[in-house]
Amino acid sequence: MSLGKVTNMINEHDIADMCQLDKLHEGDKFSVLGDYDTEVFKLKNFSDGFAFCYDSHGVLHHFATWIKVVKV
């Protein structure tokens, strides 16, 4: 695999802006690096190690609370 085909590389600026999802509060907006990096989610609440979040279309998503996110 050549580096020219890699599109989701993380640099030192991304790492500095990252935190765990469980550090955010209800109503905070965030993005997830990787597959969802173009989507912004709004945190609704936490339950049993998962976060309930909505995307811009109102679709519910469940994320593990330990994932790294970028607060928007």
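To be clear, the structure that these remarks concern was listed above.
Just so we're clear, the structure is a prediction, and the values are computed from it rather than from any experiment.

This next bit is on the pattern of salt bridges. Enumeration according to the criterion identifies two salt bridges in this entry. With a closest N to O distance of 3.8 Å, Glu-26 and Lys-44 form a salt bridge. One end of the pair, Glu-26, is in the loop between strand 1 (18-20) and strand 2 (29-32); the other, Lys-44, is in strand 3 (residues 41-47), and 18 residues separate them in sequence. Of the residues examined, Glu-26 reaches a relative accessible area of 57% and is grouped as exposed. Judged by its relative accessible area of 41%, Lys-44 falls in the partly exposed class. A salt bridge links Lys-71 to Asp-28; its shortest N-O distance comes to 3.7 Å. Linking Lys-71 in strand 6 (residues 68-71) with Asp-28 in the loop between strand 1 and strand 2, this pair joins segments that are 43 residues apart in sequence.

What counts, and at which threshold
- Residues numbered from 1 in each chain as written.
- Predicted model: local features only at pLDDT ≥ 70, side-chain atom pairs only at ≥ 80, totals over all residues.
- Heavy atoms only, no water.
- Salt bridge = Lys/Arg side-chain N within 4 Å of Asp/Glu carboxyl O.
- Helix = DSSP H or I, 4+ residues; strand = E, 2+ residues; numbered from the N terminus.
- Buried < 20%, exposed > 50% of the residue type's maximum accessible area, 1.4 Å probe, protein only.

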